[in-house]
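Structural characterization, general
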Amino acid sequence: MIRLIQGDITKIEVDAIVNAANTSLLGGGGVDGAIHRAGGPAILEECRQIRAKQGGCAIGAAVITTAGRLPAKYVIHTVGPVWNGGHNGEPELLANCYRHSLQLAVETGIKTIAFPNISTGIYHFPKSEAATIAITTVQQFLATDNTIKEIIFVCFDEENYALYKERLDKGQ
Ligand code: AR6
């Protein structure tokens, strides 16, 4: 089941929230900054350990930590592509973020997961195309998986919320 919410992802009570991180895994602005601020230092400590072991996180890949003080149980950190005109693999890399986050969720036994609008802030991915990619990728995943019970798109801004609502209301 897919749900749509407008709000702050750090407040959502689900098994896992997804973070729009960067390849360093060491935090930043936007939703990444909000998650580390609200979740406390435990998340960054686990990110540092992952970084020491595997050197950060590639674009389109995902890693998982616990969620510190957040109401969620886990944080799945994925790294979206920086928009650079659209001919540098950005759409496929963005789809990989959703796909790999969901695969990691299934491997961890997660049943409810919340996504922010990855890459549509500091990384400047056009919101309309990003919404289409997010929704179609998630729908494709749900068509072959029966373990994830709920996927929530958490839109922070009005524009993203309207774009998602329009697509979800008509079934895509
Ligand atoms: N809850 C939900 N969504 C949020 C929140 C929040 N609390 N805060 C912002 N957003 P961005 P990116 C939305 O910039 O484009 C960081 O520095 C925001 O409105 O957070 O993938 C990382 O470390 C936007 O729609 O992520 C990277 O360096 C969406 O989250 C870089 O930014 C994503 O915006 C990643 O850039």
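The present account deals with the structure reproduced in this document. (Residues numbered from 1 in each chain as written. Predicted model: local features only at pLDDT ≥ 70, side-chain atom pairs only at ≥ 80, totals over all residues. Heavy atoms only, no water.)

**Describing the pattern of salt bridges**
Applying the stated criterion across every chain, the model contains eight salt bridges. In this structure, Asp8 and Lys11 form a salt bridge, with 3.6 Å as the shortest nitrogen-oxygen distance. One salt bridge connects Arg99 with Glu92, and the closest N-O pair in it is separated by 3.4 Å. For Glu92, a relative accessible area of 48% corresponds to the partly exposed category. Where salt bridges share partners, they join Lys127, Asp157 and Glu159 into one cluster. (Salt bridge = Lys/Arg side-chain N within 4 Å of Asp/Glu carboxyl O. Buried < 20%, exposed > 50% of the residue type's maximum accessible area, 1.4 Å probe, protein only.)

**Remarks on the state of the cysteines**
In total, this model carries zero disulfides according to the counting rule given. Cys57 takes part in no disulfide bond, and the closest cysteine sulfur to it belongs to Cys97, at a distance of 8.2 Å. (Disulfide = S-S within 2.5 Å.)

**Some details on the sheet that holds strand β4 (residues 74-79)**
Pairing is mixed in the open sheet, where six strands are placed in the order β1-β6-β5-β2-β4-β3. Only two strands of the sheet have a single neighbouring strand rather than two, namely β1 (2-6) and β3 (62-66). Ignoring which end each strand starts from, the neighbouring axes of this sheet average 25° apart. As paired strands, β1 and strand β6 (residues 150-155) are joined by five bridges and run parallel to one another. Bridge pairing links Arg3 to Ile152 in β6. (Pairing = 2+ DSSP bridges. Helix = DSSP H or I, 4+ residues; strand = E, 2+ residues; numbered from the N terminus. Axes fitted to C-alpha atoms, helices over the stretch in contact; angles between N-to-C directions.)

Geometric values such as these leave the question of function open.
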